[in-house]
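# Overview (structure and organization)
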Number of protein chains: 2
Amino acid sequence: MTLSDRKKKILYSLVDDYIVTAEPVSSKKIQEEHLPDYSSATIRNELSALESMGYLVQPHTSSGRIPSQKAFRFYVDQLMVTPLSRDEISAIESHFTDKISSMQDVMSRVAEVLAEVTHYTSVAVGDSIGKETINKIRLVQLTQGNALVLIVSDRNVFKDHIIDVPVNLSEKDLENVNNWLNKLFTPKKFDELKDIDLVDVLNDELKSLHEIFEDVLKILREVSMKKQEIITQGASQILDYPEYNDIDNAKQFLQTIEQKQKLAKLFSTEDNGLELNIKIGREEEQDLPDGCSVVTAKVGLNQNSIGNIGVIGPVRMDYKKVVSVLDHIGKLIEKLLNEEE
Amino acid sequence: MTLSDRKKKILYSLVDDYIVTAEPVSSKKIQEEHLPDYSSATIRNELSALESMGYLVQPHTSSGRIPSQKAFRFYVDQLMVTPLSRDEISAIESHFTDKISSMQDVMSRVAEVLAEVTHYTSVAVGDSIGKETINKIRLVQLTQGNALVLIVSDRNVFKDHIIDVPVNLSEKDLENVNNWLNKLFTPKKFDELKDIDLVDVLNDELKSLHEIFEDVLKILREVSMKKQEIITQGASQILDYPEYNDIDNAKQFLQTIEQKQKLAKLFSTEDNGLELNIKIGREEEQDLPDGCSVVTAKVGLNQNSIGNIGVIGPVRMDYKKVVSVLDHIGKLIEKLLNEEE
DNA sequence: TGCTAGCACTCAAATAAACCGAGTGCCAAA
DNA sequence: TTTGGCACTCGGTTTATTTGAGTGCTAGCA
């Protein structure tokens, strides 16, 4: 069943108002501030109808109405990206004047600027490593007896692991090992390493060095298990919103923010092709605290995603602004990554 | 002026009590729960004396007393490490059963366990890089035209930077460059790099490759500026304490926790030879939010510090427990690092 | 038929008043 | 010097009262 035009206008205005004030909205207020062409009595009738349709809730008989989750869903489904203010744009861009030094760097800057501009808590989740492709592996001898394992994937360089090697390993041996490492492990995705069994693939010539290969494989597997980078920013800002004046609510929210694993799940939206994803309240998500909404977006160049970003805040969040800011940042990152190439 | 024995006992009991209840302590309560040998009237007289000496404060005429900062200082100066409970010990040790994979790993696990066992917000700050010694520098050719800059210090390996090199660079040239890099920059502390001027040191032979040296120096300087790793855990736990039922207090606290730079200053105690450092309220520190205390400790093996850890919480924190837990963790880490060798 | 002005009714929130009791200070006696 | 006793204080809680924003409904008008 579809809403009459007037009902839509009224509902939209009411949500718009509620997003700003967090107070039940009265018929009179809607009339005065949004729709002066109808009397408050008329609006009252419509409100009453909208309530019985499940869009509105009345905290008690003689109060205004507040939007239900259904109303917010209606609201965001109508949303369009709106232009940002000059100040907001310059605030965003000021964070990206320096050269990008790494993907982590991008993500942490995005988190900062998102929190700053939207005034909500921002989250940035890097993509997990399992799906990256290993492009190059190389042992670099550091001193007699140990070497650094250098792994280059399509998105990262890993250089955190040092292994023991035979003291008498010659340059030539090393070269040989390096060749074999690349033959064995590239180009492969990290996730594919699960199934490799070294016994099958090492020929006799390499048997004497099998420890090296085992060590490297172990490291590759460790790297692939490495937890995703998860950055949050501006958690304390949540306390500026009246719905979190209640200590218990605030605590629940902050605990969610601290549980990085759950957060990651919340923000790593399954790949539904959409660039933007809005979750309102407990609609479907278990891990979302009651009364919270989440807006997420992918960042990256074309197919080549580097992670997800977004904000988490009260259901009554300023979706318009958040969506617009995410849109702007997304495009900006895309441009920056393009220039990097 | 020194306190009489009885005054000490009373003051100590009062602080002990206040740490648990966060409520003004009455003479009667001290008598009943700590010192049944004196009447409440006697204790009242002593309390009155202690108040005029600045150790106690009375929120209003007909209430019990709360300890002043001076009283807490008295209290912690008497503090001894007390044995932990079996549960606490096993909680701590359960976090350190896996092999240590990196210093960051140690720090983040310490932060976790500290927050868990003390129920306060924990902070772990890695030592800043400037004072590390560069032991080895090496360019590793990745593909034609670019190379990874590998820097090994006495505590870390840095491998996050890739530079352009001439496409026609031969193995031999690279070798030569590597030798020179080590001649120029090792063994030096990062901080010493400020003063180096390349023009002075490059001979004619290397002039053609001067870009490489400049790039490497730039990277070295970048690395030395790299911000310290700062990890916090359990921030939401602060809301469990009644002094943070006030939203404004809570917000102030959380904002402090989010300002990693200030936090780092707070926890990187200047090297005064002490292993443990307790800062109570605003005693001297500007950056400490009002009503907060900080207990910090160094972690590391002998002289070889890897960072500082500690907790931040209400002035009325359970110093006894915090100190004991820090002591235990410190010793545990020392043992683990020793085994690593 | 649809809109609106008017009015009685509701109820949360703000304000005021009354009460309670934990705790102190002080005095006089042991 | 210590202690029992007692009057006094004052924050916190409970109860009563007031206020006003907001609704639902009805009757009249276009």
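All of the points below concern the structure found in this document. Note that the structure is a prediction, hence the values are computed from the model and not measured. (Residues numbered from 1 in each chain as written. Chains lettered and ligands numbered in written order. Predicted model: local features only at pLDDT ≥ 70, side-chain atom pairs only at ≥ 80, totals over all residues. Heavy atoms only, no water.)

The next point concerns the relation of the copies chain A and chain B. With an RMSD of 0.4 Å, the operation that places chain A on chain B is a rotation of 180 degrees combined with a shift of 0.1 Å along the axis. Accordingly, the operation relating the two chain copies is best matched by a two-fold axis. Residues of chain A ranked by C-alpha distance from the rotation axis are headed by A:Lys159, positioned 2.8 Å from it. Interface overlap between copies: 100% of the residues of chain A at the interface are likewise at the interface in chain B, consistent with a symmetric, same-surface contact. (Least-squares fit on C-alpha atoms with pLDDT ≥ 70 in both. Contact = heavy atoms within 4.5 Å.)

The full set close to DNA strand D counts 19 residues, and A:Ser27, A:Arg65, B:Thr42, B:Thr61 and B:Ser62 are the nearest of them. Each atom of DNA strand D within 4 Å of the protein was classed as base or backbone; sugar and phosphate made up 79%. Between DNA strand D and A:Ser27 there is a distance of 2.7 Å, counted from a phosphate oxygen to a side-chain nitrogen or oxygen. Between a sugar or linking oxygen of DNA strand D and a side-chain N or O atom of A:Gln58, the distance comes to 3.5 Å. The element that contributes the greatest number of residues to the surface near DNA strand D is helix H3 (residues 40-52) of chain B, accounting for 4 residues. Here the surface near DNA strand D is composed, by residue class, of 1 nonpolar, 13 polar and 5 charged. (Near = heavy atom within 4 Å. Polar contact = N/O pair within 3.5 Å; in protein donor to acceptor, adjacent residues only side chain to side chain. Helix = DSSP H or I, 4+ residues; strand = E, 2+ residues; numbered from the N terminus. Nonpolar A, V, L, I, M, F, W, Y, C, P; charged D, E, K, R; others polar.)

Take the packing of aromatic side chains next. This model, assessed by the stated rule, comprises 12 aromatic pairs over all chains. By the ring-pair criterion, three or more aromatic residues cluster together here, those being A:Tyr18, A:Phe72 and A:Tyr319. Directly above the ring of A:Tyr55 sits A:Lys70, whose terminal nitrogen or CZ lies 4.6 Å from the centroid. Its end group placed over the ring of B:Tyr38, B:Arg6 keeps NZ or CZ at 5.2 Å from the ring centre. (Phe/Tyr/Trp six-rings, centres within 6.5 Å; stacked < 30°, edge-to-face > 60°. Lys NZ or Arg CZ within 6 Å of the ring centre and 35° of its normal.)

Looking now at the side chain of B:Arg65. Residue and element names in this part refer to chain B. When you line up the elements, Arg65 lands in the loop between strand E1 (56-57) and strand E2 (66-67). Under the relative-accessibility criterion, Arg65 is labelled buried at 10%. At 2.9 Å, the side chain of Arg65 and the side chain of Glu51 are in polar contact. Excluding anything up to four places from it in sequence, Arg65 contacts Leu14, Pro24, Val25, Leu47, Ser48, Glu51, Leu56, Val57 and Gln58. (Buried < 20%, exposed > 50% of the residue type's maximum accessible area, 1.4 Å probe, protein only.)

Close to DNA strand C lie 20 residues, the nearest being A:Arg6, A:Thr42, A:Thr61, A:Ser62 and B:Ser27. Here a phosphate oxygen of DNA strand C and a backbone polar atom of A:Ser39 are 3.1 Å apart. One of the side-chain N or O atoms of A:Arg44 is found 3.3 Å from a base oxygen in DNA strand C. Examining the composition of the surface near DNA strand C, we find that 4 residues originate from one element, helix H3 (residues 40-52) of chain A, more than from any other.

Turning next to the side chain of B:Arg109. On the secondary structure map, B:Arg109 appears in helix H6 (residues 103-118). A distance of 3.4 Å separates a polar atom in the side chain of B:Arg109 from the backbone oxygen of B:Asp98.

Here we take up the packing of helix H5 (residues 86-94) of chain B against H6(B). Residues and elements named next belong to chain B. As a packed pair, H5 and H6 sit with axes 9 Å apart at the nearest point and diverge in direction by 160 degrees. It follows that H5 is roughly antiparallel to H6 by the angle criterion. Crossing geometry of H5 relative to H6 is assigned as right-handed. Of the residues in H6, those touching H5 at Glu88, Ala91 and Ile92 are Val113, Glu116 and Val117. Per-class residue counts for the contact of H5 with H6 are 4 nonpolar, no polar and 2 charged. (Axes fitted to C-alpha atoms, helices over the stretch in contact; angles between N-to-C directions. Parallel < 35°, antiparallel > 145°, perpendicular 65-115°, else oblique. Left-handed = near helix turned anticlockwise from the far one by under 90°.)

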